[in-house]
Amino acid sequence: MTRMNFLDNKRNAIISVAGCALILGVAALFSSQIKAADDKKAVPAKAALTVTTVQPVQSSLPLQLPANGTVSAWQEAIIGSEANGLRLVDVKVNVGDRVTKGQVLASFATEQVNAEVAQARASFAEAQANALDAAGNADKARTLQASGALSEQQINQYTTADKTAKARLEAARAMLVVQQVRLKQTGVVAPDSGIISSRNATVGAVVGSGTELFKMIRGGRLEWRAEVTSSEMAGIKPGTTATVTAASGAQVQGKVRMIAPTVDSVTRNALVYVDLPTNPNIKAGMFARGAFELGSSSVLSLPQQALVLRDGFTYAMRLEPGNKISQIKLQTGRRVGDAVEIIKGAKTGEQFVASGAAFLADGDLVKVVAAQPPNASATAASPAVTPKAPK
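A.B. asks: Please explain the side chain of threonine 314 as it appears in this structure.
C.D. replies: Counting through the fold element by element, threonine 314 comes out in strand β18 (residues 313–320). In this view, threonine 314 contacts Leu307, Val308, Leu309, Ile328, Lys329, Leu330 and Thr332; residues no more than four positions away in its chain are not counted.

Rendered as structure tokens:
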């Protein structure tokens, strides 16, 4: 019995030691987990991105009215043949040539006209001689009227012959002038300075009077004929500046010359005529888009790089307390250069991520470095407007 009691006591002692070891192990495990949790809480969250910030500012943006239209010739002159039945022997200009007023563009054969001029000159000389003879006879008859040597009938005959000879002289003179004018018309001259836009003249062709030989853009002047709605035309006045961009990419500044006095009854659009400066890359017949400058207005703006386009909407990343990011939906308006008008969604004094906003999401933490000058592009575009100091 003594041996059995000894074994029981020994077994109980072993069980007690094992239990104490187990309890100590469990306590150590819980202690390590609690310590790890405390250490995890002590480590700050990692920033998603290092960013700079920008504030919305008040800037002056131009008011523009966009429009589309066609580049056309200011006036296009048709140069035709005044001579009839003559043969073209020389064409001196081609399409695109710049000509001056009075410059000879083409020539007709002159042999036939020269002969007719000579014939008319001879007829005039003959009529002139006959008129002198008739005038002398009439003067003699009138001197003899008192003496009774000639009857009244004979005197009337001499007087009538004198008047008839004078009339024939005038007719011969007129015929000579006609033939001289026809000789002058054998040279086709430019009625004004400009640019040849079309040529139908062909050497060797026999053309009739009135046949179109050339078309010319008078003065080389072009205009943009823009279409605007009847409600938009009220803001446009003669002298308004318009920026026109042709299909070739060339861009020029024009001035409104006039607004059409009528509105198309089908489209309800009116034509606005804008004088364009000379540019070799702008041609008549080109499509062109443009915008009329109607003044300017003060608006709240952000730089383009601070905006993010997602799902068809525009957002900006606003900096909240604790450097946390909040995604804000914006309503935007005009865009001039890098400046974008903010209609709704942002206020003066708020901080927004200046660049890299596309890599951020709502709730991200960021590290902020020195902020860049607020909306530098907008202030550069509008030097007359001083940005408000951040609140």
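Here the narrative resumes.
A.B. asks: Looking at this structure, how should I read the pattern of salt bridges?
C.D. replies: The tally for this structure, following the rule as stated, stands at 12 salt bridges. The salt bridge involving glutamate 116 is made with arginine 182; its shortest N-O contact spans 2.4 Å. One end of the pair, glutamate 116, is in helix α2 (residues 111–143); the other, arginine 182, is in helix α3 (residues 152–184), with 66 residues separating them in the sequence. Residue classification places glutamate 116 among the partly exposed residues on the basis of a relative accessible area of 22%. Where lysine 166 meets aspartate 162, a salt bridge forms, and the shortest distance between an N and an O atom there is 3.8 Å. With lysine 166 and aspartate 162 both in helix α3 and four residues apart, the pair spans about one turn of that helix. For lysine 166, a relative accessible area of 46% corresponds to the partly exposed category.

A.B. asks: Honestly, the sheet that holds strand β6 (residues 98–99) in this entry has me stumped. Any pointers?
C.D. replies: Think of a sheet as strands paired side by side through backbone hydrogen bonds, with each pair either parallel or antiparallel. Here four strands make up an open sheet; going across it, the order is β4-β11-β9-β6 and the pairing antiparallel. Looking at the sheet topology across the chains shown, the edges are occupied by β4 (76–80) and β6. In terms of strand pairing, strand β9 (residues 194–199) meets strand β11 (residues 212–218) through five bridges, oriented antiparallel. Each residue of the ladder has a partner; that of isoleucine 196, found in β11, is methionine 216.

Calculation criteria
- Residues numbered from 1 in each chain as written.
- Predicted model: local features only at pLDDT ≥ 70, side-chain atom pairs only at ≥ 80, totals over all residues.
- Heavy atoms only, no water.
- Helix = DSSP H or I, 4+ residues; strand = E, 2+ residues; numbered from the N terminus.
- Contact = heavy atoms within 4.5 Å.
- Salt bridge = Lys/Arg side-chain N within 4 Å of Asp/Glu carboxyl O.
- Buried < 20%, exposed > 50% of the residue type's maximum accessible area, 1.4 Å probe, protein only.
- Pairing = 2+ DSSP bridges.

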